Amino acid sequence: MSERRRRTPDQGGDGQQPPGGGGRRGGPGPDELGSEGIGRRRQPGVRETAQQPRMGRAEMRKAAQKKGKGGGRRGDAAASAAAAAGPGKKRFIDYPRFGKSGIRRWLPSWKLVFSVFLLFFAMGVGGVFYLYQTTTVPDLKDLVKEQNTIYYWADGSEMTRKGDTNRQIVELGDINPTLQNAVISAENETFRTDSGIDPKGMLRAVYNMAKGGETQGASTITQQYVKNAYLSQEQTISRKLKEFFITLKINQQKSKDDILKGYLNTSWFGRNANGAQAAAQAYYGVNAKDLNLCQSAMLAGLLKGANYYDPSKPANHDRAVERWKWILDRMVITHNATAEERAKCTTFPEPIALKPSTNMNGEISYLVDTANQYVMTTDKSVTQQMIDKGGLKIYTTFEKDKVDALKKAVDDVKAENLDAQKRPNNDTFVQFGAASIRPGDGAMVAIYGGDGVENGHFDNNANAGGVQVGSTFKPFVLATAMQVGVQTAKDSDGKPKRINADSRYLADDMSEIRKPDGSLVIGDDGKPYRQKNEDSGKRGYVSLRQAMQWSYNVPFVQLNQDVGGPAVADMAVQMGIKRDSLADPKTATFPLGTSTISPIRMATGYGTLAASGKEAEPYSVTKVEVNGTERPGFGKKDVKVALEPAVADNVTDVLVNVAKNGTGTKTNSLGRPVAGKTGTTDQNKSAWWVGYTPQLVTSVAMWREDPSKHDRESLNGTGGKESIHGGDIPTDIFTRYMKAALANEKKMDFPTPQPVGTEVDSSGAPSTVSATPTQTATEMPSAPAQTQAPVQQPTQQPTQPSQGGNCVPGVDCQPTPPPSHTPKPSTSNCIPLVNCPPTQSPTDGSTSGGNTGKPGKPTPSGTGGPQAGGAAG
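Quick caveat: nothing in here was measured; it's all calculated off a predicted structure. (Residues numbered from 1 in each chain as written. Predicted model: local features only at pLDDT ≥ 70, side-chain atom pairs only at ≥ 80, totals over all residues. Heavy atoms only, no water.)

Caption draft 1: Structural view of the overall build of the protein chain. Helix and strand content of the protein chain: 26 helices and 21 strands. Taking the intrachain contacts of the protein chain between residues at least 6 apart in sequence as the baseline, contacts between residues at least 24 apart amount to 71%. Total accessible area on the protein chain stands at roughly 41300 Å², and carbon and sulfur atoms take up 52% of it. (Helix = DSSP H or I, 4+ residues; strand = E, 2+ residues; numbered from the N terminus. Contact = heavy atoms within 4.5 Å. Areas by Shrake-Rupley, 256 points an atom, 1.4 Å probe, with all protein chains shown as cover.)

Okay, here's the thing in structure tokens:
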């Protein structure tokens, strides 16, 4: 029989219901008065003669949910009914809450919240206690392991090793108290009294690491000591936790003097020196106990980062002096030195010359420096201290045969041209920097960084800043005009009109420069700015191809105004130039190379042209292993399109003409297609050649710099020559190196350039006869005889050659006056740019068609007035 039909047993034994039971409303039925039903009321509609089984909690919940679908009231009634039925067997965690409806059903009770809090708190305390108990402090002597960082050539053979750490452990009493106090004042002034932990600093560091931001070092001397001596230099949360617990134990187990002794004996001071004793010897040639207050303050400043505060590096000197002064002042404030003692430190204590390791001689130190900088930039967790400590394997892109070839080319040219004994005032302090990169890839195959650390030259000239690039910057202006267009003419859609290399610009010396709206550019002296060329000839209107060939300044200064200096700067950055190396693009001389770009980055920019517009970031490391584990992120990066291929190939075609027929003709002996540009700066303070073939791009820079003053000096008179230009010594070095570097590679032609842009002449250019076609981008005139008389001058021999008859026309040749007997041609049948006379004044202020600019206030240039100088080729 089913449960539903089972009858309730007779209470009286005769099958009759008890009195008062017969279904009367409000009267208690038999199951209401039974032992299991006292106080309960039967649900409406239930037969009084049937005993209903009590529903379980799950059944009641389902019933409530089903009834709740019909509306809020029905759901609330079901919940009330379930509540009236009682909770049944009590759950350990009452969630969702029984007998509650709506949102209250899902809100935990305060008892539940408090219980959960106590649970997690207990677990946290227990975890911290467990980690503290299980964390062991390693034996310091077992941790001080001497390892090497090994560098490899591109073919996998070993280049050199670095990391024979100079470490000398001494007692605290053998370290001068002035150094102890200087370190405490600079790094952790509460060291003597604190607990060794800086909670805020640790939380800040963990937060930065968790979100992937910049990491930061330990905050207290105790924490720094733990990191130096007991842990790796990697910045991870797990390492920070280890640092925290070891610091707690160290602070309990060791005295403050022991901690300070350990810190000063394990800290990295640069110059491969670990510890105060090694640092005192490396920087001042004395023992740590013999340091004075001034020297101690300088050494204490190195703990913030020797790479940035070693004063022997010119870029660091001012920064190091400022930190030295700050530490001395802090020592007075923290009562670690008196004002009288501080007053004695008036002169910065310059360190002694660095003693290089023999395995870093020649170009090796510069290769290692370049690789180290790339590694630390790519992987922020790798520091110079970590590299010096050892345990890394660094695989570079440098090819030994090309590095040797580049060094030989520089050494041979120096030996043939420079004689410091014969010309001490001109041939001393001459420096060279060079870089060679594979275009479209970015791999640095060779660099020349200087004479070698064994000769006292520590700066890496391949990555040098502060050397102006001169006219080698002009291709960036031309590329911008071809890609972006000039503002003096508009397309049908209102955008600047893109031009080609046949566009003609005035090349007369001392010409006025105009803005796109026709107003004059005003110099710093308040007068109209006039741009000079290297010589004083009147060249008339020439094509941009010819202007690049002979490196005329005036056309490119005007073109820069037409395009817009900021647009040129943006294009240079797209092609691989660092923005922070660029001069102010709003100055009139910006296109003449007043920017100070390194040889590595100049090679990168020209490499974009060689690769038909694809920019590849330079890299010097393909793989890094740290203690046997490879680090990600190294090797070739994805290339990006910086220029349209047609634009890049047309600029290359213009630069091929420079190398073949212009200021770079020394490269003709290479015997293969070459493109490039010379560069010489105002006052002849630097000379450049940046050139390339389809397989290799190489930049060569030359300048003079007194290492004691770090000031650029003129190259005039160097090598016994009146002046040095980019087409001279730098081009000679390039040609010799490229012959050796490409000896086993086939000759390749550059891509045939496709048409780009239209001819857009500058203001005042003669009209073009429609029946006469203009020279196409692929034509390269063998001689300037096809142009009018002023442009023929570059091919004429000067009457008084300045360099033994081997001068560069348009650069260092004496100007030859145009022939006075030339008959005046008829204007009815003359050929423009050949024998037509000028149709209007070059300074009448008119602009070519499509000018929509409005008059505005002239932008002051960064140069002077009529006497302003400029770069030459």
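Caption draft 2: Examining the pattern of salt bridges more closely. Inspection of every chain in the model, using the stated rule, returns 37 salt bridges. Its salt-bridge partner being Arg323, residue Glu187 comes within 3.6 Å of it at the nearest N-O pair. Separated by 136 residues along the polypeptide, Glu187 in helix H6 (residues 177–187) and Arg323 in helix H14 (residues 317–333) bring together distant segments of the chain. You'll find Glu187 and Arg323 in the same group, each marked buried. Salt bridges linked by common partners bring Glu399, Lys402, Arg438 and Glu745 together as one network. (Salt bridge = Lys/Arg side-chain N within 4 Å of Asp/Glu carboxyl O. Buried < 20%, exposed > 50% of the residue type's maximum accessible area, 1.4 Å probe, protein only.)

Caption draft 3: Focus on the sheet that holds strand S2 (residues 158–162). Read across the open sheet, the five strands follow the order S2-S1-S5-S15-S16; overall the sheet is mixed. Each end of this open sheet is capped by a strand with a single partner; those strands are S2 and strand S16 (629–630). Relative to S2, strand S1 (residues 149–152) runs antiparallel, the two sharing four bridges. When the sheet's bridge partners are listed, Thr149 is paired in S2 with Lys162. (Pairing = 2+ DSSP bridges.)

Caption draft 4: Spotlight on the pairing of strand S7 (residues 444–448). The element S7 is extensively covered by neighbouring structure, given that five of its five residues are classed as buried. Here four bridges tie strand S6 (residues 430–437) to S7, and the two strands are oriented antiparallel to one another. By the bridge assignment, Ser436 is partnered in S7 with Ala446. The turn linking S6 back onto S7 is made up of six residues, and Gly440 within it adopts a positive phi angle of 80 degrees.

Caption draft 5: Just helix H16 (residues 364–378), in detail. With 15 residues, H16 extends 21 Å from end C-alpha to end C-alpha; this agrees with the ideal 21 Å at 1.5 Å per step. H16 sits mainly inside the fold: 11 of its 15 residues count as buried. (Expected span 1.5 Å × (residues − 1).)

Caption draft 6: Inspection of the packing of aromatic side chains at higher detail. Overall, the coordinates contain 10 aromatic pairs when judged by the stated rule. Summarising the aromatic geometry, the rings of Phe473 and Phe590 are spaced 5.1 Å apart at their centres and angled 70 degrees between planes, so their arrangement reads as edge-to-face. Placement of Phe473 in the loop between S7 and helix H19 (474–483) and of Phe590 in the loop between helix H22 (565–574) and helix H23 (599–610) is noted, with a sequence separation of 117 residues between them. Phe590 carries the same exposure label as Phe473, and that label is buried. On the basis of an interplanar angle of 85 degrees and a centroid distance of 5.6 Å, the ring pair of Tyr692 and Phe750 is categorised as edge-to-face. Here the residue Tyr692 occupies a position in strand S19 (residues 686–692), and Phe750 occupies one in the loop between helix H25 (729–741) and helix H26 (789–792), the gap between them amounting to 58 residues. Overall, the relative accessible area of 14% leaves Phe750 in the buried class. Among the aromatic residues, ring-to-ring pairing joins Phe473, Phe476, Phe590, Tyr606, Tyr692 and Phe750 into one connected group. Of note, Lys256 hangs over the ring of Phe191, and the distance from its end group to the ring centre comes to 4.8 Å. The ring centre of Tyr395 lies 4.6 Å from the NZ or CZ of Lys623, which sits over that ring. (Phe/Tyr/Trp six-rings, centres within 6.5 Å; stacked < 30°, edge-to-face > 60°. Lys NZ or Arg CZ within 6 Å of the ring centre and 35° of its normal.)

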